[in-house]
Amino acid sequence: MLRSHTFMVADSSSQLEGLSALIMQAPSWRRSVLLICLFGGAIELMLLLAGIRQSELVAYTGILVFTVPALFAAAVTGPLVRWGGNDITPDWSALIALGGCIATILITFSPVLLLATDLVVLFFAASMGIVFFLRILLLGAIVDHHLRHILLPALTQTAIASLFGYLLLGDAFALFVIPLHIFFGLAAWAFIWILERPMKQALGLSPLGFANAFMAHMIYGSTALEDFFRQMGDGVTVIFGTLLFRRKGRDMMTVTAPNLHPGPLGEIGGSALPRLLTESLNGRALVFHGMATHDFNPVSASEVETIAASIRDVQTGNPDWHATATHARRYQAGSVSVLAQAFGDTIFIAATRSPDITDDVEYAVGLAIIEEGKRWFRHVVLADAHNSFIDLPPPVLLGSRIGEDYREAAALACETLAGEPQYPYSVGFSQRDLPFTHEEGFGDLGVMAMVTVVENRETVWLVFDGNNLHVGIREELRDLLMQECEKCEECEISTSDTHVVNMASGKNPVGWKVPLALFLPFVREAVDSAREDAAPAECAGGTAHCADVVVFGSQRITQLAGIVTGSVGIVWPVALIITLFAFVSTGVVYFLLS
């Protein structure tokens, strides 16, 4: 049963990652307009070479019925959409018009391939209905899922093409093309109704409304998508540990690992959680990745303030301060390695499976470790180092073999360090911005370092503001840092798992697009600066109980992925059936009118 459940989660994670294949960016409108002109010109040239020049009007058929309607649609779709209270970029207007132009050409001249040139006019009329159908669907997905707001913008291209078709071909053409528009408009409505039913029944949400909000995020950076997430969300209580460090003459620093997931992508939801939490704590925080999967994505950035408030409660709650710490020690259980260090009655643990590939560890695993650790320590701060990635693996679940490795390694660390002697210590912090972009895998916080010094022996804790490390980077960087400093007895390289670096895909680890050699100097600067900042310190631990944080909820993200991918799977069969029905209906009407 456990293996079956693990397979289900892995498959759902793959479905979620696969949704990125549905995402595209519109090219510049200038490129689309150029292609529209080239296609129309090419058709015109072929007609001239074929000797079709019965009149001046016919001589410009390629331009009149293909180029002019597409250019008109590219120009007026935006104003019409804005008149309806929505928005669309010139790039998307031109791209949709280009798609309509290409579809019209391919459908119109498809009979030529079968040497049935007498059917060209019939297929040209048919292309009007099909392009109208496609424009409704595209504008419904990109702009607004309410047909009343997109019907007129969708009609622009085929209305102008039909007008020229009427001028060229007479009343018979109009007699056929008008019913085509009516029935394909009804077909689009039926198609949208069928497509939306699964998600509306399961989640009470409109998938095209979701697509509208998603495209608004992709194009304009809109946060409207968070409204959908909130409708899907559940309120949860999150428990996690926090360390407070105070040093004479310096500001208090917070080290924390909230058990929330910084997702889903871009700037929406809790994707920027590490940066937002750091800013909310006045920039004096080092935020590690906690134990959480996409089920624990905050539905909006505002939820991060709830986390910050719970940490401030720890700061103002008269915590017990301790001026001693153990040496940092590494412990192993199965495939999991943890680096742990105790500060008074609080233990800090960073867990990794590197070089084995690992992504997220579910909250239940982290909570079990925290509760068990309280047998030996009053507070447990548990971080997922999140530092070895090449492809998307399934999350680590409670009760799985890997989940047990995490629990056993952490328990061994707690039990052993509880009996270790503690000594006065120093701690230093630093943060360095990096000259790399989100697209290159680096978040806004760059790289952060904490150096602890016990009996003149150093431990380096490094955190990249990114979503995982490319496989092998952790080992290479760790070896370099330890070789370059004789006093360094241990080192761990972590990432914050920020999803601001994931605009369309979960695959963008640190070190994948930018090689280590390019960002290594900045890492050295951060570590050296933390060493210079080191000063004798006192530490107080705290366990935050953060209630009513609204997150996606149990399996909501995978449920959403399953519904969307399932809906995509029925698109072609449903579209084919509806298209055939539209043709048959139009043919019947045309026969009766004739």
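Residue indices follow the written sequence of each chain, beginning from 1 at its first position. Two thresholds apply to this predicted model, a pLDDT of at least 70 for residue-level local features and 80 or more for giving and counting side-chain atom pairs, whereas whole-chain, interface and lining totals are computed over all residues. With hydrogens and water excluded, all non-hydrogen atoms of the structure serve as input to the side-chain values.

## Quick word on the overall build of the protein
Going by this rule: Only DSSP runs of H or I reaching four residues or more are called helices, and only runs of E reaching two or more are called strands; each is numbered from the N terminus. Type-normalised accessible area, obtained with a 1.4 Å probe on protein chains alone, sets the label of each residue: buried when under 20%, exposed when over 50%, and partly exposed for intermediate values. Every residue pair with non-hydrogen atoms within 4.5 Å of one another is taken to be in contact. Per-residue and other accessible areas were derived by the Shrake-Rupley procedure at a 1.4 Å probe size, with only the shown protein chains allowed to occlude residues.
A count of helices and strands for the protein gives 18 helices and 13 strands. Taking all 594 residues of the protein together, the buried fraction comes to 56%. For the protein, restricting intrachain contacts to residue pairs at least 6 apart in sequence, the fraction spanning at least 24 positions comes to 78%. As displayed, the protein offers around 24,400 Å² of accessible surface, 62% of which is attributable to carbon and sulfur atoms.

## Considerations on the packing of aromatic side chains
What describes a pair of aromatic rings is the distance from one ring centre to the other and the angle between the planes of the rings. The criterion, for reference: Whether two aromatic rings pair depends on their centres lying within 6.5 Å, for rings of Phe, Tyr and Trp, where Trp uses its six-membered ring; planes under 30 degrees apart make the pair stacked, over 60 edge-to-face, and the rest tilted. Remark: a charge is flagged as sitting over a ring if the NZ atom of Lys or the CZ atom of Arg is within 6 Å of the ring centre and within 35 degrees of the ring normal.
Summed over the entire model, instances satisfying the criterion amount to 16 aromatic pairs. Each ring, one from phenylalanine 66 and one from phenylalanine 124, has its centre 6.4 Å from the other, and the planes form 80 degrees; the classification is edge-to-face. One end of the pair, phenylalanine 66, is in helix α4 (residues 61-83); the other, phenylalanine 124, is in helix α6 (residues 120-142), and 58 residues separate them in sequence. Under the relative-accessibility criterion, phenylalanine 66 is labelled buried at 4%. Ring centres 5.3 Å apart and planes at 85 degrees place the aromatic pair phenylalanine 245 and phenylalanine 343 in the edge-to-face group. Highlighted residues: phenylalanine 245 in strand β1 (residues 234-247) and phenylalanine 343 in strand β6 (residues 336-343), separated in sequence by 98 residues. Comparing phenylalanine 245 with phenylalanine 343, the two get one shared label, buried. Members of the aromatic cluster, joined through ring pairs, are Phe436, Phe442, Phe464, Phe519 and Phe522. Positioned over the ring face of tryptophan 321 is arginine 246, at 4.0 Å from the centre of the ring.

## Notes on unusual backbone geometry
In this model, glycine 263 is joined to proline 264 through a cis peptide bond whose omega is 15 degrees. Cis geometry marks the peptide bond from serine 354 to proline 355, where omega comes out at 10 degrees. Note on placement: proline 355 falls in the loop between β7 (346-352) and α13 (363-373). The backbone phi angle of histidine 386 is positive, close to 55 degrees, even though this residue is not glycine. Turning to its location among the elements, histidine 386 is positioned in the loop between β8 (379-384) and α14 (401-417). Positive phi is not limited to glycine here, since asparagine 456 has a value of about 65 degrees. By the element assignment, asparagine 456 lies in the loop between β10 (447-454) and β11 (457-464).

Geometric values such as these leave the question of function open.
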